[in-house]
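The chain contents come next:
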Amino acid sequence: MTATPSAPAHSTTQLVLGGLEVFIFGAVPPPRTGASTSAIFFLHGRQSSAQESLAICQDLHAQLTTLLAPNPAPLVITFDQRNHGTRLVDAARNSAWKDGNATHAMDMYALQWGTAVDVSTLIDTLPMALAVDISAWGVCGISLGGHSTLLALANEPRLECGVAIIGCGDYLALMTNRAARMTKKAKTPEEAVLLPPASEVAVNRQLLALLKLRDPVNRPEAFGGKAVLLLNGGADKLVPAACNQGFIARVRDLKTPAKAFEEIVEEGVGHTTTDTMKANTAEWFAKYFGHKA
């Protein structure tokens with residue numbers, strides 16, 4: 001399949017599948033040749049889009065091409081998360097508590113879970129759309145995409161390898177931390193009304209039930225046999241590395257351990273993606289993806 005005329009110059013393949021606009025980097029084997037390939041999803045951050053992620057996807061594919069030569073690199077696939085990019089319905093729902101969105105906790109988790117479902121749907125349907133077998137699946141993402149990455153890994157058994165960049169696998173710990181900081185920053189009574197008390201975290205029992213069922217920290221067994229890398233900034237206040245500690249402890253306590261499970265905290269780095277994080281992502285996939293090591 002070749003790129004459509006409207007596809008960005010650095011996208012190899014562009015298609016619409018199940019209502020999703022999908023961008024694919026890398027050479028898709030010709031149909032009916034019997035050749036198979038592998039694929040890695042890239043999930044963008046909150047307030048971003050697939051279009052804004054094309055350069056980083058191109059760079060990841062280029063790095064993997066170099067690291068894996070002469071073997072072919074996996075395809076790198078991206079699409080808009082729900083309520084982002086071409087799928088935007090209500091921008092206010094992507095805002096945080098500090099911006100006046102009282103339902104931030106529920107809105108953001110719904111986005112993450114929706115993206116995890118979209119990843120599973122594409123794993124089901126992309127092989128038929130490309131008429132090519134895909135033998136291995138991986139996932140990585142930044143910020144909201146990092147959260148979605150871990151959520152997808154926790155609930156989709158066909159994903160074998162992943163990298164969460166400035167993401168968190170314990171949503172309740174993250175929201176508790178964020179609520180405490182936001183409440184303290186309220187400067188007027190009117191602002192305080194918009195911000196949740198730290199003791200309540202604006203999380204109802206229905207969301208707690210969903211977290212118990214789906215959240216990575218509550219599904220550590222799902223990471224057995226997988227290769228997972230966590231990349232966080234030591235000075236990140238939006239997604240503090242400390243919020244991952246409960247999740248990390250549970251995965252490391254598994255009787256059936258992960259194939260590889262590592263955390264790298266880049267000291268002095270805030271909520272941003274560094275060149276080191278990008279390089280570590282490519283190296284992780286080169287080492288562990290596709291039933292390696």
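Here, every reference points to the structure presented above.
Residues numbered from 1 in each chain as written. Predicted model: local features only at pLDDT ≥ 70, side-chain atom pairs only at ≥ 80, totals over all residues. Heavy atoms only, no water.

Quick look at helix α7 (residues 245–252)
Listed as buried for α7 are Phe247, Ile248 and Val251. Projected down its long axis, α7 carries its buried residues within an arc of 100 degrees, all on one side. Looking at the packing, one finds that the buried side of α7 touches α3 (144–155), β7 (227–233) and β8 (260–266). (Buried < 20%, exposed > 50% of the residue type's maximum accessible area, 1.4 Å probe, protein only. Helix = DSSP H or I, 4+ residues; strand = E, 2+ residues; numbered from the N terminus. Arc of directions from axis to C-beta. Contact = heavy atoms within 4.5 Å.)

Regarding the layout of surface pockets
If you add up the space inside the largest pocket, you get close to 330 Å³. Around the largest pocket, the lining comprises 20 residues; the ones closest to its centre are Ser38, Leu68, Pro72, Ala73 and Pro74. Sorting elements by how many residues they give to the lining of the largest pocket places strand β3 (residues 36–43) first, with 3 residues. Volume-wise, the second largest pocket comes out at about 200 Å³. Lining of the second largest pocket is provided by 13 residues; of these, Gly45, Arg46, Ser48, Ile142 and Ser143 occupy positions nearest its centre. (1 Å grid on protein atoms, 1.4 Å probe; cavity = no way out; pocket = protein on both sides within 12 Å on 5 of 7 lines; lining within 4 Å. Points joined across faces, edges and corners; volume = space filled by probe spheres on them.)

Section: the nonpolar core
One recurring pattern in soluble globular proteins: nonpolar side chains tend to sit buried together. Ile24, Phe41 and Leu126 are the most contacted members of the largest nonpolar core, which totals 55 residues. Sort the elements by how many residues they give to this core and helix α2 (residues 104–130) lands first, with 10 residues. For Phe41, the residues in contact, after removing those within four places along its chain, are Ile77, Phe79, Val119, Leu122, Ile123, Leu126, Trp137, Gly138, Val139 and Cys140. In this structure, Ile56, Val269, Phe285 and Phe289 belong to the second largest nonpolar core, which totals 32 residues. (Core = buried A, V, L, I, M, F, W, Y, C linked by side-chain atoms within 4.5 Å.)

Observations regarding the sheet that holds β3
What the 8 strands build is an open sheet, ordered β1-β2-β4-β3-β5-β6-β7-β8; its pairing is mixed. Since the sheet does not close on itself, it has two edges, and those belong to β1 (13–17) and β8, each with one partner. If you compare each strand with its neighbour and ignore which way they point, the axes differ by 20 degrees on average. Docked against the sheet, α2 engages β1, β2 (20–25), β3, β4 (75–79), β5 (133–142) and β6 (159–165), running at close to 110 degrees with respect to β1. (Pairing = 2+ DSSP bridges. Axes fitted to C-alpha atoms, helices over the stretch in contact; angles between N-to-C directions.)

Some points on the pattern of salt bridges
Using the criterion set out here, one finds 7 salt bridges in the structure. Of the charged contacts in the structure, one is a salt bridge between Asp118 and Arg87, with a shortest N-O distance of 3.0 Å. Taken as a pair, Asp118 in helix α2 and Arg87 in the loop between β4 and α2 lie far apart in primary sequence, 31 residues in all. By relative accessible area, Arg87 is classed as partly exposed at 23%. Among the ionic contacts, a cluster of salt bridges with common partners joins Arg82, Arg87 and Asp118. (Salt bridge = Lys/Arg side-chain N within 4 Å of Asp/Glu carboxyl O.)

Here we look at empty space enclosed by the protein
Applying the stated criterion across every chain, the model contains 2 cavities of 30 Å³ or more. When its volume is computed, the largest cavity comes out at roughly 90 Å³. Lining the largest cavity are Phe42, Ile56, Asp59, Leu60, Gln63, Cys140, Ile165, Lys278 and Thr281. Those elements that provide at least two residues to the lining of the largest cavity are α1 (54–68) and α8 (275–288). Ranked by the residues each element gives to the lining of the largest cavity, the list is headed by α1, at 4 residues. Of the residues contributing to the lining of the largest cavity, the split by class is 5 nonpolar, 2 polar and 2 charged. (Nonpolar A, V, L, I, M, F, W, Y, C, P; charged D, E, K, R; others polar.)

Focus on the packing of α2 against α3
When two helices pack together, their arrangement is given by the angle between their axes and by how far apart the axes lie. Contact pair α2 / α3: the axes reach a minimum separation of 8 Å and the direction vectors enclose 55 degrees. Here α3 runs oblique to α2, going by the angle between their axes. The two elements α2 and α3 meet at a crossing, and its hand is right-handed. Along the contact surface, α2 presents Met108, Tyr109, Leu111, Gln112, Trp113, Thr115 and Ala116, while α3 presents Leu144, His147, Ser148, Leu151, Ala152 and Asn155. Residues belonging to the contact of α2 with α3 are distributed by class as follows: 8 nonpolar, 5 polar and no charged. (Parallel < 35°, antiparallel > 145°, perpendicular 65-115°, else oblique. Left-handed = near helix turned anticlockwise from the far one by under 90°.)

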